[in-house]
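For reference, the chains in residue letters:
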Amino acid sequence: MAFPSALPVPTDSDPRDAPVLRWGILGPGLIAADFVSALGRHTDQQVVAVGSRDAARASDFAQRFGIERSHGSYAALLADPGIDAVYIATPMSEHHANTLLAIEAGVPTLLEKAFTRTAAEARDVRDRSRSAGVFVMEAMKTRYLPHRQMIDTLIADGVLGEIDSVTAQYGFPIPYQAGSRLFEPSLGGGVLLDIGVYPLSFAAGLLGEIAEVRGFGTLTVSGVEDTVSAVLITPTGARGVIDTSWRGVGSGRAGITGSLARIDVDAVFNNPAPMSLVSADGRQRLGFDDRRHPGREGMVFQVAAMARYLRAGLTESPLLGLDESVRVMELLDELRHQVGARFADEN
Ligand SMILES: NC(=O)c1ccc[n+]([C@@H]2O[C@H](COP(=O)([O-])OP(=O)(O)OC[C@H]3O[C@@H](n4cnc5c(N)ncnc54)[C@H](OP(=O)(O)O)[C@@H]3O)[C@@H](O)[C@H]2O)c1
C-alpha cells in the first residue's frame with residue numbers, strides 16, 4: 001500500500017452531534033466534577049441529578065454545578081425516573097457493587113476505568129449486564145478519541161502493514177499517601193488499575209490476542225504496585241511494550257510500528273493528542289493536531305458515543321465491549337500478581 005497523501009478524517013470529531021441524555025452522577029468526587037464541566041463545555045448533554053453516600057455532599061455538588069436534583073444515596077439516584085443514564089465515578093473497590101445496583105435499576109451505565117477491581121468482578125458485571133439487557137460501557141475514554149479513530153482507519157486500510165509493536169507510557173510522580181484511594185488496597189489501589197490500564201488497554205486493543213505477558217514492578221509500603229513495565233506478546237510475535245509509574249515524570253507517548261509505516265502519538269496518548277504517520281524511510285510525515293478538547297475534556301467523545309449506541313438500541317459498545325473489558329481486567333490481574341500485589345481476598 002502506497003503512503004497516503006492525506007490522513008483520514010476522524011469518524012466522530014463533534015461530540016455535540018449526539019442524542020441528548022439526562023445524566024445522573026454516582027460518586028461526586030474529582031473526576032465527576034471534570035465530567036460535568038467537560039459535558040457543559042463541549043456537549044448538549046444534561047446532568048440532572050447527583051447521588052452521594054452523604055446527602056450534604058450530593059447537595060453541595062449539585063449547587064456547585066447547577067444540577068437540579070441531589071440524592072443522599074446511590075439507590076435513590078438510580079430510582080430517579082428522570083435519568084436516562086448514570087456515570088459511575090467511585091473508587092475501583094466499589095465499581096462492581098455500584099454497577100450491579102445500576103443494572104438492577106435498569107439504568108444504562110458508563111463505568112469509570114478500571115472497569116472493576118478484579119477480572120472475577122468484571123465477568124460478573126458482564127454476565128449480569130447481558131442477562132438483564134442493560135447497557136454497560138467502560139469509560140475508557142482513549143478508545144473514542146479522534147486520533148484513536150484515525151488509527152483504526154489507518155490500520156483497517158492497511159497503511160501500516162503488519163503491526164509489529166505498540167508502545168505506550170503513562171505516569172507522573174505521586175507521593176505516597178496512606179489511606180488515599182490510590183495507595184489503599186481495600187479501595188482497589190495501585191498504579192495498574194488507576195493509570196496502567198490506559199497503556200495496557202491501548203496496546204492489547206491494537207494487538208488483539210495476547211499469548212503471554214511478563215511484567216516487572218515495585219510495591220509501596222501498603223503493598224500496592226507503584227511502577228510496572230511489561231511486555232505483551234501475540235501468537236505471531238508482535239509486542240506491546242508498556243510502562244506506568246507514580247515515581248517519574250512520564251512522557252505519556254505511544255507509538256505503533258508496522259511493516260510499512262509507523263504512527264507516533266506525540267503527547268499524552270490517552271487524551272486528545274497530536275499524531276503523526278511516518279513512512280518507512282522517514283521522509284514522508286502527515287500530522288494531525290486538534291486542540292479543541294484538551295486534556296480530560298476528551299472524555300466527551302465516549303459520552304457522545306454512548307448516547308449514539310443507546311439511540312441505536314445497543315447494549316454494549318461496539319468499540320470496547322464487555323468481553324474486551326474482561327480481557328483487559330484478566331491481563332491486569334495477571335500483571336498485578338506477577339509484580340507481587342494481591343488484594344486481601346486473593347490471598
Ligand atoms: N477518566 C479520567 O480521566 C479519570 C481520572 C481520574 C479518575 N478516574 C476514575 O474515576 C474514579 C473515581 O476517581 P476520583 O479520582 O474521582 O476519586 P475521588 O475523588 O476519591 O471520588 C470518588 C467518589 O466515590 C465515592 N465513594 C464511594 N465509595 C467510596 C469509598 N469507599 N471511599 C471513597 N469514596 C467513595 C465518594 O463520593 P460519596 O462518598 O460522596 O458518594 C467519592 O467522592 C476511579 O474509578 C478512577 O479510576 C478517571
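It should be emphasised that the depicted structure is a prediction, and the values quoted were computed from it without experimental measurement.

Enquirer: I'd like a rundown of the side chain of Thr99, residues and numbers included.
Expert: By secondary structure assignment, the location of Thr99 is in helix H4 (residues 92-105). From its side chain, Thr99 meets the backbone oxygen of His95 in a polar contact 2.6 Å long. In contact with Thr99, not counting residues within four places along its chain, are Ile88, Thr109, Leu111, Val125 and Val136.

Enquirer: Give me the pairing of strand S11 (residues 254-258): which residues, what numbers.
Expert: Note that strand S7 (residues 163-171) and S11 share 5 bridges and pair antiparallel. Counted as the bridge partner of Ser165 is Thr257 from S11. Strand direction decides the pairing type here: S11 and strand S12 (residues 261-265), joined by 4 bridges, are antiparallel. Looking at the pairing, Gly255 lines up with Asp264 of S12. Where S11 hands over to S12, the hairpin turn is made up of 2 residues, counted between the paired strands.

Enquirer: Describe the site of the ligand, and please don't skip the residues or the numbers.
Expert: Ser52, Arg53, Arg57, Tyr74 and Lys113 are the nearest of the 23 residues found near the ligand. In the environment of the ligand, an oxygen atom lies 2.9 Å from a nitrogen or oxygen atom belonging to the backbone of Leu30. Here a nitrogen atom of the ligand and a side-chain polar atom of Glu94 are 3.5 Å apart. Across the complex, the protein chains shield 85% of the 890 Å² of accessible surface that the ligand would expose by itself. Elements supplying a minimum of two residues to the shell around the ligand: helix H1 (30-42), H4 and helix H7 (191-207). Tallying contributions element by element places H4 first for the shell around the ligand, with 3 residues. Residues of the shell around the ligand, tallied by class, amount to 9 nonpolar, 5 polar and 9 charged. Split by domain, the residues of the shell around the ligand number at least three in each of domain 1 (22-141) and domain 2 (142-295 + 319-346).

Enquirer: Account for the packing of H4 against helix H5 (residues 119-132), with residues named and values stated.
Expert: Following both chains from N to C, one finds H4 and H5 inclined at 5°, their axes separated by 10 Å at the closest point. One finds that H4 runs roughly parallel with respect to H5. Here His96, Thr99, Leu100 and Ile103 of H4 come into contact with H5, specifically with Glu121, Asp124, Val125, Arg128, Ser129 and Ala132. Taken together, the residues that form the contact of H4 with H5 break down as 4 nonpolar, 3 polar and 3 charged.

Enquirer: Could you give an account of H4, naming the residues involved and the relevant values?
Expert: Helix length check: H4, at 14 residues, gives a terminal C-alpha distance of 20 Å against a target of 20 Å (1.5 Å per residue), a fit within 8%. All of the buried residues along H4 are Met92, Ser93, His95, His96, Asn98, Thr99, Leu100, Ala102 and Ile103.

Enquirer: Which residues make up the domain arrangement of the chain, and what values do they have?
Expert: Per the domain assignment, the segments of the chain are domain 1 (22-141) and domain 2 (142-295 + 319-346). The distance between the C-alpha centroids of domain 1 and domain 2 comes to 25 Å. Summed over the three residues of domain 1 that lose the most area to domain 2, namely Arg117, Met140 and Lys141, the buried surface amounts to 32% of that side. If you look at where domain 1 meets domain 2, you find 5 salt bridges. With a shortest N-O distance of 3.1 Å, Arg126 and Asp323 are connected by a salt bridge. For the pair domain 1 and domain 2, the interface holds 13 residue pairs in polar contact (both at pLDDT 80 or more). Of all the secondary structure elements, the ones that give two or more residues to the side of domain 1 that touches domain 2 are H4, H5 and strand S6 (136-139).

Conventions we followed
- Residues numbered from 1 in each chain as written.
- Predicted model: local features only at pLDDT ≥ 70, side-chain atom pairs only at ≥ 80, totals over all residues.
- Heavy atoms only, no water.
- Helix = DSSP H or I, 4+ residues; strand = E, 2+ residues; numbered from the N terminus.
- Polar contact = N/O pair within 3.5 Å; in protein donor to acceptor, adjacent residues only side chain to side chain.
- Contact = heavy atoms within 4.5 Å.
- Pairing = 2+ DSSP bridges.
- Near = heavy atom within 4 Å.
- Areas by Shrake-Rupley, 256 points an atom, 1.4 Å probe, with all protein chains shown as cover.
- Nonpolar A, V, L, I, M, F, W, Y, C, P; charged D, E, K, R; others polar.
- Domains from an automatic or database assignment.
- Axes fitted to C-alpha atoms, helices over the stretch in contact; angles between N-to-C directions.
- Parallel < 35°, antiparallel > 145°, perpendicular 65-115°, else oblique.
- Expected span 1.5 Å × (residues − 1).
- Buried < 20%, exposed > 50% of the residue type's maximum accessible area, 1.4 Å probe, protein only.
- Buried area = accessible area lost by both parts, 1.4 Å probe.
- Salt bridge = Lys/Arg side-chain N within 4 Å of Asp/Glu carboxyl O.

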